[in-house]
Amino acid sequence: VERFRDELGDWRVAIHSPFGAPVHAPWALVVSARLRERYGVDVQAMHSDDGIVLRLPDVELDDGGAPEAVGTAVVEPDDVEPLVTAEVGGSALFASRFRECAARALLLPRRDPGRRTPLWQQRQRSAQLLSVASDYGSFPVVLETMRECLQDVFDVPGLVQLMRDVESRTVRFVEVETQQPSPFARSLLFGYVAQFLYEGDSPLAERRAQALSLDATLLAELLGQQGYGALRDLLDQQAIDVLAQDLQRLSEDRRARDVEGIADLLRILGPLSTSEAVERGATPGWLAALEEARRAIRVRVAGEERWAAVEDAARLRDALGTPLPVGVPGAFLEPARDPVGDLVARYARTHVPFHAATVAERYALGPAVVGAALDRLAAAGRVVSGEFLPGGSGHEWCDAEVLRTLRRRSLASLRKEVEAVPVEALSAFLPAWQHVGGRLRGAEGVLRVAEQLQGAQVPASALESLVLPARVVGYSPAMLDELCAAGEVVWRGHGALPGSDGWVSLHLADAAQLTLPEPDADAVATPLHEALLATLDGGGAYFFRGLSDAVGSTDDKTLVAALWDLVWSGHLTNDTLSPLRQLVAGGRGRGGGAHRTRAATPRGRYGRPRPGMAGRPPMPSRTGPPTAAGRWSRLPDVEPDPTRRAHTLAEVLLDRHGVLTRGAVMAERVTGGFAAVYRVLAGFEEAGRARRGYFVEGLGAAQFAQPGAVDRVRATATALERAAEPPAAEQWGAPRPGSSTDATGPRAVVLAATDPANPFGAAVGWPARPGKQEAGADRTDAGHRPGRKAGALVVLVDGHVVLYVERGGRTLLTWTEAQTALQPAVDALSLAVREGHLGRLTVERADGTGVLDSPLGRALEEAGFHATPRGLRLRA
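Scoring rules and cut-offs
Residues numbered from 1 in each chain as written. Predicted model: local features only at pLDDT ≥ 70, side-chain atom pairs only at ≥ 80, totals over all residues. Heavy atoms only, no water. Helix = DSSP H or I, 4+ residues; strand = E, 2+ residues; numbered from the N terminus. Contact = heavy atoms within 4.5 Å. Areas by Shrake-Rupley, 256 points an atom, 1.4 Å probe, with all protein chains shown as cover. Core = buried A, V, L, I, M, F, W, Y, C linked by side-chain atoms within 4.5 Å. Buried < 20%, exposed > 50% of the residue type's maximum accessible area, 1.4 Å probe, protein only. Phe/Tyr/Trp six-rings, centres within 6.5 Å; stacked < 30°, edge-to-face > 60°. Lys NZ or Arg CZ within 6 Å of the ring centre and 35° of its normal. Pairing = 2+ DSSP bridges. Axes fitted to C-alpha atoms, helices over the stretch in contact; angles between N-to-C directions. Salt bridge = Lys/Arg side-chain N within 4 Å of Asp/Glu carboxyl O.

### Re the overall build of the protein
Right, so step 1: Looking only at helices and strands, one finds 34 helices and 28 strands in the protein.
Right, so step 2: Taking the contacts inside the protein whose residues are at least 6 apart along the sequence as the reference set, 68% of them involve residues at least 24 apart.
Right, so step 3: Split by element, the accessible area of the protein, about 41900 Å² in all, is 51% carbon and sulfur.

### Topic: the nonpolar core
Right, so step 1: Grouped together as the largest cluster of nonpolar side chains are 74 residues, with contacts concentrated most on Leu 480, Val 489, Trp 491, Leu 532, Trp 564, Leu 803 and Leu 829.
Right, so step 2: Here this core takes eight residues from helix H27 (residues 556–568), the largest share from any one element.
Right, so step 3: For Leu 532, the contacting residues outside a window of four places in its chain are Leu 547, Val 551, Leu 559, Ala 562, Leu 563 and Leu 566.
Right, so step 4: In terms of nonpolar packing, the next biggest core, distinct from the first, is built from 47 residues, Val 659, Val 749, Ala 792 and Tyr 804 among them.

### Section: the packing of aromatic side chains
Right, so step 1: Applying the stated rule across the entire model yields ten aromatic pairs.
Right, so step 2: Consider the rings of Phe 429 and Trp 433, whose centres lie 5.4 Å apart with planes at 40 degrees: the pair is tilted. Here Trp 433 and Phe 429 lie together in helix H20 (residues 423–433), a separation of four residues that amounts to about one turn. Residues Phe 429 and Trp 433 agree in their burial class; the two are buried.
Right, so step 3: Where Trp 564 meets Trp 568, the ring centres are 5.4 Å apart and the plane angle is 35 degrees; that geometry is what we call tilted. Residue Trp 564 and its partner Trp 568 are located together in helix H27, separated by four residues, close to a single helical turn. The pair Trp 564 / Trp 568 is uniform in exposure class, with both members buried.
Right, so step 4: In this structure, Arg 669 packs its charged tip against the face of Trp 503, placed 4.5 Å from the ring centre.

### Remarks on unusual backbone geometry
Right, so step 1: The residue Arg 249 is not glycine, and still its phi comes out positive at about 60 degrees.
Right, so step 2: In this model, Asp 798 sits at a positive phi of 55 degrees, which is unusual for a non-glycine residue.
Right, so step 3: Position of Asp 798 relative to the elements: it lies in the loop between strand E21 (793–797) and strand E22 (800–805).

### A word on the sheet that holds strand E13 (residues 489–497)
Right, so step 1: Pairing is antiparallel in the open sheet, where three strands are placed in the order E11-E14-E13. Among the strands making up the open sheet, the edge pair consists of strand E11 (458–459) and E13.
Right, so step 2: Sheet topology note: the E13/strand E14 (residues 501–508) ladder contains seven bridges and is antiparallel. When the bridges of E14 are listed, Gly 493 appears paired with Val 504.
Right, so step 3: Sitting on the sheet, helix H21 (residues 442–453) is in contact with E13 and E14, with an inclination near 105 degrees to E14.

### Considering the pairing of E13
Right, so step 1: The element E13 is extensively covered by neighbouring structure, given that eight of its nine residues are classed as buried.
Right, so step 2: Where E13 hands over to E14, the hairpin turn is made up of three residues, of which Gly 499 adopts a positive phi near 80 degrees.

### Quick word on the pattern of salt bridges
Right, so step 1: As enumerated under the stated definition, the model contains 35 salt bridges in all.
Right, so step 2: The salt bridge involving Arg 3 is made with Glu 177; its shortest N-O contact spans 3.3 Å. Of this pair, Arg 3 sits in strand E1 (residues 2–5) while Glu 177 sits in strand E5 (residues 176–177), and the two are 174 residues apart along the sequence.
Right, so step 3: Under the relative-accessibility criterion, Arg 3 is labelled buried at 12%.
Right, so step 4: The salt bridge involving Arg 408 is made with Glu 401; its shortest N-O contact spans 3.9 Å.
Right, so step 5: Residue classification places Glu 401 among the partly exposed residues on the basis of a relative accessible area of 40%.
Right, so step 6: Several salt bridges share partner residues, and in doing so they unite Arg 169, Arg 448, Glu 451 and Asp 655 into one network.

### Quick word on helix H23 (residues 477–485)
Right, so step 1: All of the buried residues in H23 are Met 479, Leu 480, Asp 481, Leu 483 and Cys 484.
Right, so step 2: In this fold, the buried residues of H23 make contact with H21, helix H22 (460–467), strand E12 (472–473), E13, E14 and helix H28 (578–586).
Right, so step 3: After H23 finishes, the residue Gly 487 shows a positive phi value of roughly 80 degrees.

Set out below in C-alpha cells:
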C-alpha cells in the first residue's frame, strides 16, 4: 500500500496487488466506502488488473498525518459480501450494466429502429428508469443487474478468500509513504482518467445505493445463496469421494463376494460392462453362471455390451430400444410406466451429484429426454438441482437421500475440524506464526519482528544469534542498530545473567510507554546511580565521555558498572546494541557490578605489539570502553493507567502467540499473571476481536485466539495427520535456523530454548522422554533437566521436540531414537552451526552416556561433526 501526494496536494493511495480486476473491483468499492465513512469525504477509486488507486482530498486528520490505508483495506471475510452488495448499487458499473439489461429486456425502445440512439440519451433514460425501478425491491431488471455484477463481473469469493489469507497471515500488507509515485504507481495512474470517462453512468441526482430497496430473499435466491445453491462451498470433497466409492460398490467392504452379490450388484447399479463388474469383485465365471440361470442377460447399451439383471429387460427395451436376447420370461416383459425415469432415478441413487449430460452419455439418450425425466423426478421430490460439487460449474443434480447423506458426512467432517487439536499442532504452528524460517527481509522485517516480540524477554546472547536470524532472511546487526538509531525501536534490560549475559526485550518506540514494565527502584542504591539518573532526566542522550564529565566521575570501570546496573534494572537504554554485544562477547563478569573490560595493548602491523609498549599500562580511551559505546538515555516513563497497559499487553500477546493459553501468559512473566489480562481478553471476545474456546488439547478451557490463527492451527493439525508417514531420511534437506525442509519432508526448526516461538516449558510442558515415565519424568540422565534456560537450544521436528542442547552443547538430550526424526533434527543443528549462528559446538555426552557410543553420535557424524578427544565438534 503506497501513499503519496498528487499535484494538487491531495492524497493518493495505491494498493499494489496481483489478484486481478475481478477481485480489485469489489475491493475498491469497499475501501472507498470505508474511507468515506472514516473521513467524511467522497473518495474516488479506480481499479485495474494490477491494483487500485484511490484519491482522498486533503483533509484535517486527527493526528495531522497521512490517511491510514491498511486498516481500511482489511475487511472481515464475513463482511465482504454484504458490503459489496450495499455499495455496488451506487457504482458506475451498476448503472452501465442496468442500461444493458434494460436494453436487452426492451425497456429502452428506439423511436426509429433504423437509427442509433446517442449514448448520452441512453444514459439519461436508463437513469430515469432506475430512479423509478429502485423503489420496487423485486423489479426483475434491478435484480438481474445485481446478480450480473456480483457473479459475472466481480469475483467476490476470491476477495473473501484474500481477506481470509490476510487474517491467517498467509498474505501480508506492507505500507510505505513516498515523495513521488513509484514506477508501479505511475502505471496505475495512467488508467486513472478512466474514472471520469463514464462518470455520466452514475445516477443523475444522487447516489442511488441508499434508494435501492432490493428484495433480499429473492436476491439471495438468484445469487444461489439459499437452498441448495450454497452447498458448493459447504460440502466436503473427501466426503463426496468416499460416498462415491460406497455408492458404486467400489469400497473394499462393499464389493461382491459371491454370485448372489453379483446379482444384487446388477439390480442396484444397473447394466455394467464386464470390466466394470470385475472392478467391483465379479468374475467372468459368476457372470456366466447368472446368465445360464437366466438371472442376467447380455445387452448392448450405448454401443457397448453390458450385463443387466433380467428384471431390467422391459425398462431397457422401452427406454433405449435395446434388443433383448431370446428366452426372457414373459413376466419380465411387462411395459414399465416410466422406463426412462426409472433408469435416471437409479443412476441418481448410485452416484454423487452429476450433470444431466453424463446420464445422457451413459445411456445414449438425448439431453432433452434426460432433462425431462429429471424434472419429473424433481417435481416428485426424488432429486434436487443446485451447485453441489466444490470447484464445479453449472447446475448439477443429486438424489435427495444421497444429498442428505452428503450433508451429514460433511457436517461430521466440519465437526471434527472444530475439535481441539493435539499439542503437536500448536508447537508446529507457533514458529510459523512468528515468521520463523519465514519471508521477512531487511529493516522492515526486523521492525515487524520487534512489533510481534515487544516485551518478550530473551537472553541477549540469543537475540542476534538465533531469535532474529531465524525470522529475518540475511539478518545483520546493522538492521537493528538502524532502527534503534532512527528512534523506531528501543531495548530494555530485565536483569543480569551469569557470563555477562542478561535478559533483554525490544519495544516499538511509539508504544513503549504501554509495553514497558516498571523499572526496579531498588537498583538505585548509590550516589553515582542517582547522579546518572539526574543527568539523564532532562530527556537528552549522552556519550560515555559526556556522561562521565556530567557526573564528575574519573573511574571508567565504576561508571560502566553503574551504567549496566541501571540498564539491567530497566532505567537506561542505548541508541545502539553495540555495548550489549561487547558485553556478551568480551565481558567477564556477572552483570554491572562485576563487569570487567579487557584493555587492549597498542599493536602495530600484523598484530604485533608496538616497540616499547609491551608491559606498559593501557592508555585511556577518549570514547570510553567498548561496553559503554553509543548514546545513553532514559527509557520512556511507563503509562500510569493500568487499563491501557493491560489492553496493549493483551493485544501484543494475541499477536505474538495467535492461540493464547494460561501457560503462555505465565511464561511471559506478566505482572499479575493470567488474571491481569483475562478481563481484557474476555472484552475482546465480546467485541468480536478474539475467540474463546478449547482449541488445543490439555491446555485448559480458557484459551483465546485470533480467528485467522484458529483456522491456521487446525490446518497445521490436518497437515501433520496427512504427513504421518514421512519420507526416507536421506530425502530430507537441512534448513537454515528456524527454517524447514522441503515441502515433502518434515519441518525441522532450531530455536533458543527461551524463544517465544518455543512452546515447551511455557504453554506446553516438556514431554516425558521414552523410558522416563516414572516420578520426575522430566529429569534426565545424570541429573540434566530440560528447561527454558539461557544458552540452551531445542530442535523441533513437525511439532515434536527431538533434541535439547545444553548451554555450550556439552550435553544433548533426545526424545527419540528413530533415525527418521533424529537425522533431520541433527542436520538442522549442523546447519545452524555452519552458518555461524552458534559459533562452534562440541558435544561430549548424549542422554547421560558418551556421545560416541550413542545412536546420536552416528547421526552427528553424518551431519558433519568430527571426532575429537573431548567429543564430536563442528565449527562455523
